[in-house]
Amino acid sequence: MAEVKYNHVTKTFGDVIAVNDLSIDVPDKEFLVFVGPSGCGKTTSLRLLAGLEEITGGDIYIGDRLVNDVPHKDRDIAMVFQSYALYPHMSVYDNMAFGLKLRKTPKKEIERRVHEAAKMLHIEELLDRKPKQLSGGQRQRVAVGRAIVREPQVFLMDEPLSNLDAKLRVSARAEISKLHQRLGTTFIYVTHDQVEAMTMGTRIAVMNNGILQQVDTPQVLYDTPANIFVAGFIGSPAMNFIDAKLAEQDGKVIVDCRDFGLEVPEDRVDVYRPHVGKEVIFGIRPEDTYDPEYAHPGIKKALIDAKVDVTELLGHEVIVYLMTEHVGPFLGTFDPRTSARVGQTMQIAFDMSRMHLFDKTTEMAIR
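Values in this document were obtained by computation on a predicted structure and should not be read as measured data. (Residues numbered from 1 in each chain as written. Predicted model: local features only at pLDDT ≥ 70, side-chain atom pairs only at ≥ 80, totals over all residues. Heavy atoms only, no water.)

**Focus on the overall build of the protein**
Counting its regular elements, the protein contains nine helices and 20 strands. The C-alpha extent of the protein, read off along each of the three principal axes, is 80 × 45 × 35 Å. Within the span of the protein, comprising 367 residues, buried residues form 50% of the whole. Counted over contacts in the protein with a minimum sequence separation of 6, partners at least 24 positions apart contribute 66%. Just so you have it, the protein exposes about 17,500 Å², and 48% of that area is on carbon and sulfur atoms. Charge separation in the protein, taken as the distance between the mean sites of 44 positive and 52 negative side-chain charges, equals 9 Å. (Helix = DSSP H or I, 4+ residues; strand = E, 2+ residues; numbered from the N terminus. Buried < 20%, exposed > 50% of the residue type's maximum accessible area, 1.4 Å probe, protein only. Contact = heavy atoms within 4.5 Å. Areas by Shrake-Rupley, 256 points an atom, 1.4 Å probe, with all protein chains shown as cover. Lys, Arg positive; Asp, Glu negative; His and termini not counted. Charge placed at Lys NZ, Arg CZ, Asp CG, Glu CD.)

**Quick word on the sheet that holds strand β3 (residues 31-35)**
One open sheet accounts for six strands, arranged β6-β7-β8-β3-β9-β10; its pairing is mixed. At either margin of the open sheet sits one strand with a lone partner, and together these are β6 (77-80) and β10 (211-216). In this sheet, adjacent strand axes meet at a mean angle of 15° when their direction is disregarded. Relative to strand β9 (residues 203-208), β3 is paired through four bridges, and the arrangement is parallel. What sits directly across from Val33, in β9, is Ile204. Each of β6 and β7 (154-158) is contacted by helix α4 (residues 136-148), which is oriented at about 175° to β6, the strand it contacts most. (Pairing = 2+ DSSP bridges. Axes fitted to C-alpha atoms, helices over the stretch in contact; angles between N-to-C directions.)

**Considering the sheet that holds strand β20 (residues 356-359)**
The five strands are arranged β13-β12-β11-β14-β20 in an open sheet whose pairing can be described as antiparallel. Looking along the sheet, the strands with just one partner apiece sit at the ends: β13 (261-263) and β20. Direction aside, the axes of adjacent strands within the sheet are offset by 40° on average. Here strand β12 (residues 252-256) pairs with β13 via three bridges, running antiparallel. Within β13, the residue paired with Asp256 across the bridge is Gly261.

**Structural notes on helix α5 (residues 166-183)**
The terminal C-alpha atoms of α5, which comprises 18 residues, lie 26 Å apart, in line with the 26 Å expected from a rise of 1.5 Å per residue. Structurally, α5 contributes buried residues whose contacts are with β3, α3 (107-121), α4, β7, β8 (186-191) and α6 (194-200). Of the residues one or two after α5, Gly184 is the one with positive phi, at around 60°. (Expected span 1.5 Å × (residues − 1).)

**A closer look at empty space enclosed by the protein**
The full count for this structure, using the stated rule, is one cavity of 30 Å³ or more. Within this model, the largest cavity holds a volume of roughly 40 Å³. Around the largest cavity, the lining residues are Leu121, Gln140, Arg141, Val144, Ala172, Glu175, Ile176 and Leu179. Elements supplying a minimum of two residues to the lining of the largest cavity: α4 and α5. The element that contributes the greatest number of residues to the lining of the largest cavity is α5, accounting for four residues. Of the residues contributing to the lining of the largest cavity, the split by class is five nonpolar, one polar and two charged. (1 Å grid on protein atoms, 1.4 Å probe; cavity = no way out; pocket = protein on both sides within 12 Å on 5 of 7 lines; lining within 4 Å. Points joined across faces, edges and corners; volume = space filled by probe spheres on them. Nonpolar A, V, L, I, M, F, W, Y, C, P; charged D, E, K, R; others polar.)

**With respect to unusual backbone geometry**
Ser236 connects to Pro237 through a cis peptide bond whose omega is -5°. Mapped onto the elements, Pro237 comes out in the loop between α8 (228-233) and β11 (240-249). A cis amide bond links Gly328 to the next residue, Pro329, at an omega of -5°. With phi around 55°, Ala85 is a residue other than glycine that occupies positive phi space. Mapped onto the secondary structure, Ala85 falls in the loop between β6 and α2 (92-102). Of the residues examined, Ala85 reaches a relative accessible area of 39% and is grouped as partly exposed. For His122, which is not glycine, the phi dihedral falls at a positive 60°.

**So, the nonpolar core**
Here is a general trend for soluble globular proteins: nonpolar side chains tend to be buried in one another's company. Formed by 45 residues in total, the largest nonpolar core has its most connected members in Met96, Val114, Ile176 and Tyr189. Apart from residues lying up to four places away in sequence, Met96 is in contact with Val114, Ala117, Ala118, Ile123, Leu127, Val142, Gly145, Arg146 and Val149. One finds Ile242, Val280, Phe350 and Met355 within the second-largest nonpolar core, a separate group that totals 32 residues. (Core = buried A, V, L, I, M, F, W, Y, C linked by side-chain atoms within 4.5 Å.)

**Side note on the environment of Pro131**
Its place among the elements puts Pro131 in the loop between α3 and α4. For Pro131, a relative accessible area of 8% gives the class buried. For the pair Pro131 and Asn240, spaced 109 residues apart in the sequence, the C-alpha separation amounts to 45 Å.

**Things to note about the layout of surface pockets**
Put simply, the largest pocket is a space of about 450 Å³. Surrounding the largest pocket, 21 residues form its lining, His72, Phe81, Gly99, Arg146 and Arg150 being those nearest its centre. Among the secondary structure elements, those contributing two or more residues to the lining of the largest pocket are β6, α2 and α4. With six residues, the single largest contributor to the lining of the largest pocket is α2. Residues of the lining of the largest pocket, tallied by class, amount to 14 nonpolar, three polar and four charged. Lining the second largest pocket we find 15 residues, and of these Ile242, Asp243, Ala244, Arg258 and Val327 sit closest to its centre.

What follows is the structure in structure tokens.
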């Protein structure tokens with residue numbers, strides 16, 4: 001078991017900066033998830049830790065050991081790839097045992113580790129099969145099992161669920177989370193899927209254009225995003241963003257969105273008053289946008305009129321696309337009993353206690 005430390009790590013490919021001054025401390029036994037869009041630098045960050053790419057600048061530590069110049073095979077890590085990378089001519093047992101055989105691990109110890117991992121992953125009956133005889137989910141578990149038998153200090157996983165269908169991904173997420181709890185080992189996981197990140201990570205590191213945007217627990221990222229990128233990336237459906245200007249009327253601070261004005265809650269007035277007169281971005285999540293008839297009691301409601309453009313019934317909720325003359329589309333997730341119908345103008349409610357404001361120039365959250 002070991003902590004991992006990225007200390008001002010940079011990686012360039014020619015003129016392209018893939019990872020830019022990355023600094024993160026990953027405590028022992030944590031499950032850290034790198035998340036972000038394609039090309040954001042998350043996989044490169046993982047490969048730098050694994051020793052599959054050379055660092056351009058900075059330092060990486062595993063435990064107390066600086067590993068910048070340590071070969072991949074000597075870093076005491078195990079990696080699960082997106083493609084699983086199983087040997088097609090070998091049985092499941094031999095795939096799982098292969099790395100141990102290369103290290104000249106005693107045969108009895110290999111048998112113990114492989115059977116222990118197979119039992120943990122419920123693939124004991126598959127040990128004699130070849131990869132072509134397995135389903136996608138079974139191959140994924142074999143790839144994880146091959147990493148487990150190494151008994152490494154750190155597990156690295158690069159989008160291991162991306163080849164699975166949606167239903168299987170849900171169960172596989174739970175399996176990997178339980179595996180982390182049982183093994184008590186440091187896990188570092190890469191995904192572009194923010195739902196995977198939110199449900200699995202102890203902490204999440206959000207990256208964009210090679211730069212770490214914010215690293216924190218899933219709930220903190222959801223409740224207090226540092227900037228517009230994090231706010232829009234974390235949460236599904238994504239947060240609504242509306243161009244606005246802060247104004248003051250009769251001692252009250254108002255978010256002026258042209259078609260409607262929204263009064264800022266009293267407990268935030270002192271924070272936002274210094275920005276009166278400035279252009280801002282008003283952010284509100286779809287789940288904080290209600291049909292007033294079914295709004296939660298006790299919320300700080302601000303009522304506006306909006307036209308219903310599209311509705312999407314999901315059974316447990318209705319996603320409603322809304323618009324006003326100068327604003328739209330923006331989304332609400334309504335109670336399925338809502339009377340919202342395409343083409344009608346209806347009253348909707350924002351929960352202003354859950355509002356966000358961002359500086360229009362810097363795109364940083366106004367705290």
